[in-house]
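# Structure at a glance
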Amino acid sequence: MDRKSLLPIGQFSQASGLSITALRHYDASGVLVPAFVDPVSGYRYFRRDQVRTAQSVRALRRLDIPVEEVRRLLDGGQEALATALRAHLAAAERRLETQRSLVHGLLSRMTEGADMTHHVTARQGPAERILVVGAAVDNSGLDPFLRRAYQEMYAVAGRGPLTFAGPAFVRFHGVCDDENETLVEACLPFWEDGAQPAGLPEGMNVRDLPESTLACTRIEGAAAAFPRILGAYDAVADWISEHGFAFAGPVRMIYRRWTGTPDDPGNRLEIAWPIDEPADD
């Protein structure tokens, strides 16, 4: 091979903006392989047309795309790379919007206090018989799961036909956000003295919930969309803690009015947390 047509690693590092250490790492990982390696000295040489590829690698890594993903994207061709970059940009914009909303929420709580934004009260929740479908999901999988679960449950309810005994609600058994998944249960209350469901599909069951005391706050419109809705959960949790109650079960998100679009101004949700008197030590 004519080395005059190649760039030694030092010059290639300057042209590409990648350090020599990084170039050795990308060689070992198969992302950017030298055109020639001297068998005696081990010195690496690169083709001049690899400079643009190296610059792309540098840019992709600055976007925090993992090395293995960079290799896959570069191997997929220009069209696949462009599609992946658009998807990455959309995800980054969503993360930025989430961070912006969380920062504004924190600033609001620091200046006004959670109780100024969310009015929390306690009420009695009736005993309920419910259809339930559950799954372990994170925030990205929450909406698809709930849409599918309620479609299945309303289809079963229509065959009964079941008499609805209250609004649909969701029970969260833990933190459900972009970094955590938890058991989420879609619930549909129906009248226990009326028609009963039959032939339930796999994953759907009937459960009886006991009467309970609920600490509640209502939210509407954009405040009911993620991530702003997290402030409502925090407000209820703060109220429970400050008033000395015990947390007595999974928190509920109750659909008082739901248009199907998360940030629709017509949405009305209620965050309701079962509570109990703290146990004596």
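Below you will find a few notes about this structure. In this text the structure is predicted, and so the values were computed from the model without any measurement.

Scoring rules and cut-offs
- Residues numbered from 1 in each chain as written.
- Predicted model: local features only at pLDDT ≥ 70, side-chain atom pairs only at ≥ 80, totals over all residues.
- Heavy atoms only, no water.
- Helix = DSSP H or I, 4+ residues; strand = E, 2+ residues; numbered from the N terminus.
- Rg over C-alpha atoms; globule rule 2.2 N^0.38 Å.
- Buried < 20%, exposed > 50% of the residue type's maximum accessible area, 1.4 Å probe, protein only.
- Areas by Shrake-Rupley, 256 points an atom, 1.4 Å probe, with all protein chains shown as cover.
- Lys, Arg positive; Asp, Glu negative; His and termini not counted.
- Charge placed at Lys NZ, Arg CZ, Asp CG, Glu CD.
- Axes fitted to C-alpha atoms, helices over the stretch in contact; angles between N-to-C directions.
- Parallel < 35°, antiparallel > 145°, perpendicular 65-115°, else oblique.
- Left-handed = near helix turned anticlockwise from the far one by under 90°.
- Contact = heavy atoms within 4.5 Å.
- Nonpolar A, V, L, I, M, F, W, Y, C, P; charged D, E, K, R; others polar.

### As for the overall build of the protein
Regarding its fold elements, the protein presents eight helices and twelve strands. Taking 2.2 N^0.38 as the reference for a compact globule, 281 residues should give roughly 19 Å; the C-alpha atoms of the protein span a radius of gyration of 28 Å, well beyond that estimate. In the protein, which comprises 281 residues, the proportion classed as buried is 38%. Summed over its atoms, the accessible surface of the protein is roughly 16300 Å², and 52% of this surface lies on carbon and sulfur atoms. Averaged over its 30 positive side-chain charges, the protein has a centre that lies 12 Å from the centre of its 38 negative ones.

### Observations regarding the packing of helix α3 (residues 50-62) against helix α4 (residues 67-75)
Between α3 and α4, the least distance of the axes is 10 Å, while the angle of their chain directions is 135 degrees. Here α3 lies oblique to α4, going by the angle between them. Here α3 runs over α4; the crossing is right-handed. Contacts between α3 and α4 involve T53, S56, V57, L60 and R61 from the former and V67, V70 and L74 from the latter. Within the contact of α3 with α4, the residues separate by chemical class into five nonpolar, two polar and one charged.

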